[in-house]
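# Fold and contact review
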Amino acid sequence: MRLLFSIGAVLVAGMFAGGDVAGIAAPGPKFEPPKNQPQRFAADRDAQTVDVELILAVDVSYSMDMDELAIQREGYAQAIQSKEFLQALKLGPNGRIAVTYFEWAASSDQKIIIPWRLIDGPETADAVAAEIMKTPIRRASRTSISGAITFAMPLFDEDPYRGLRRVIDISGDGPNNNGGPVTVARDAALEKGVVINGLPIMVKEPSYSTMDIDNLDFYYEDCVIGGPGSFVITIKDRDKFKEAIRTKLLMEVAGRTPERPVMPVADKEPRVNCLIGEKIWSDRWGR
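Description of the structure in this document. Quick caveat, the model's predicted, so the values are computed rather than measured.

Basis of the calculations
Residues numbered from 1 in each chain as written. Predicted model: local features only at pLDDT ≥ 70, side-chain atom pairs only at ≥ 80, totals over all residues. Heavy atoms only, no water. Helix = DSSP H or I, 4+ residues; strand = E, 2+ residues; numbered from the N terminus. Buried < 20%, exposed > 50% of the residue type's maximum accessible area, 1.4 Å probe, protein only. Contact = heavy atoms within 4.5 Å. Areas by Shrake-Rupley, 256 points an atom, 1.4 Å probe, with all protein chains shown as cover. Expected span 1.5 Å × (residues − 1). Polar contact = N/O pair within 3.5 Å; in protein donor to acceptor, adjacent residues only side chain to side chain. Core = buried A, V, L, I, M, F, W, Y, C linked by side-chain atoms within 4.5 Å. Axes fitted to C-alpha atoms, helices over the stretch in contact; angles between N-to-C directions. Parallel < 35°, antiparallel > 145°, perpendicular 65-115°, else oblique. Nonpolar A, V, L, I, M, F, W, Y, C, P; charged D, E, K, R; others polar. Phe/Tyr/Trp six-rings, centres within 6.5 Å; stacked < 30°, edge-to-face > 60°. Lys NZ or Arg CZ within 6 Å of the ring centre and 35° of its normal. Disulfide = S-S within 2.5 Å.

Helix and strand counts for the chain stand at 9 helices and 9 strands. Of all 287 residues assigned to the chain, the portion counted as buried reaches 52%. Taking as baseline every contact in the chain between residues at least 6 positions apart, the subset at least 24 positions apart corresponds to 83%. As presented, the chain carries roughly 13,300 Å² of accessible surface, and 54% of it is formed by carbon and sulfur atoms.

Before going further, it helps to spend a moment on helix H2 (residues 66-81). In this model H2 runs 23 Å from its N-terminal to its C-terminal C-alpha over 16 residues, within 8% of the 22 Å that 1.5 Å per residue would give. Looking at H2, one finds that the buried residues are Glu68, Leu69, Ile71, Gln72, Arg73, Gly75, Tyr76, Ala77, Ala79 and Ile80. N-capping of H2 is provided by Asp65, with a side-chain oxygen placed 3.1 Å from the backbone N of Asp67.

Another point: the nonpolar core. Counting residues in hydrophobic clusters, the biggest one holds 39 residues, and the most contacted among them are Tyr76, Ile80, Phe85, Tyr101, Ile119 and Leu249. The dominant element in this core, judged by the number of residues it contributes, is helix H8 (residues 241-254), at 7 residues. Those residues within four positions of Ile80 in sequence are excluded, and the remaining contacts are Phe85, Leu86, Ile119, Ala125, Val128, Ile132 and Leu249. Counting 33 residues, the second largest nonpolar core, distinct from the first, contains Ala148, Ile196, Met202 and Cys223.

Our next topic: the pairing of strand E4 (residues 97-104). Burial within E4 is extensive, with 8 of its 8 residues counted as buried. Every second residue of E4 is oriented toward a common face, with Ile97, Val99, Tyr101 and Glu103 on one face and Ala98, Thr100, Phe102 and Trp104 on the other, all of them buried.

Across the interface, H2 lies against helix H3 (residues 83-90) with an axial gap of 5 Å and an inter-helix angle of 55 degrees. Classified by the angle their axes make, H2 and H3 are oblique. The residues of H3 that touch H2, namely those facing Ala79, Ile80 and Gln81, are Lys83, Phe85 and Leu86. In the contact of H2 with H3, the residues fall into 4 nonpolar, 1 polar and 1 charged.

The next thing to look at is the packing of aromatic side chains. All told, the structure shown has 4 aromatic pairs when counted by the stated rule. Seen in terms of ring centroids, Tyr76 and Tyr101 are 5.5 Å apart; in terms of plane orientation they differ by 85 degrees. Their pairing is edge-to-face. Here Tyr101 lies in strand E4 and Tyr76 lies in helix H2, a separation of 25 residues in the sequence. Summarising the burial analysis for this pair, Tyr76 and Tyr101 share the class buried. The side chain of Arg271 reaches across the aromatic face of Phe218, ending 4.2 Å from its centre.

Across all of its chains, the model carries 1 disulfide by this definition. With its sulfur 2.0 Å from that of its partner, Cys223 forms a disulfide with Cys274. Here the disulfide of Cys223 and Cys274 is left-handed, its torsion about the S-S bond being about -85 degrees. In this pair, Cys223 is assigned in helix H7 (residues 216-224) and Cys274 in the loop between H8 and helix H9 (276-285), connecting sequence segments 51 residues apart. A residue is classified by how much of its surface remains accessible, and Cys223, at 0% relative accessible area, is buried.

Structure (structure tokens):
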């Protein structure tokens, strides 16, 4: 099931009250340690287990202005350091998560800013936040959400930690207009048990020059996100940018199943053409 949020509709204070962690992936093959060293191997395995493997995939296309890119960076860094985030972290069964952060634009343009890092308390959270902030801000051409999802999937195999859940968190301010169809990449990820959440950025009026579209939140819900408990948090006010990022990360760490599910896309008429970005690009440039 999928859930659509607009910022301000989420009551963070009540989000962690009771209930089981949702969206837990099925366990892998049974682990059989040697009989002469069962305790050491069990301890090693437990030390590598985290509540969620979280990939933060952040749009840096030219439609994002430099101020938005700076606020976005600051938003992620401050959210990871926030007391609310650290509180949510400790409420998980393991009290730790693994996170990696990359920026994306065209289908062949992805750059890892933070390789896989363990966050298990204030010190590791501060270290990750500092690493996010020290990297120079960049912008690049085109928007390939499908490329971002495709790039993200092998990163799970490289993660030294084993998550109870695997989540890709996509932020962006426009539809896919480069690379393969976004729904193909999304569906391939969902088949492997990965959840995709979205942060559509709608702080500017749609513009021909930036290839923005109306109802980007609907596009993300219908074409981008998926998996058990997946959701969209929409940013429509620049002043709410950081608050939205913090709310989204809190929900992903908590891993709760939404109480107000939205009808799955397969069960309703799509509200947005999932190839709208490609169509706009083709109409403008003829390719």
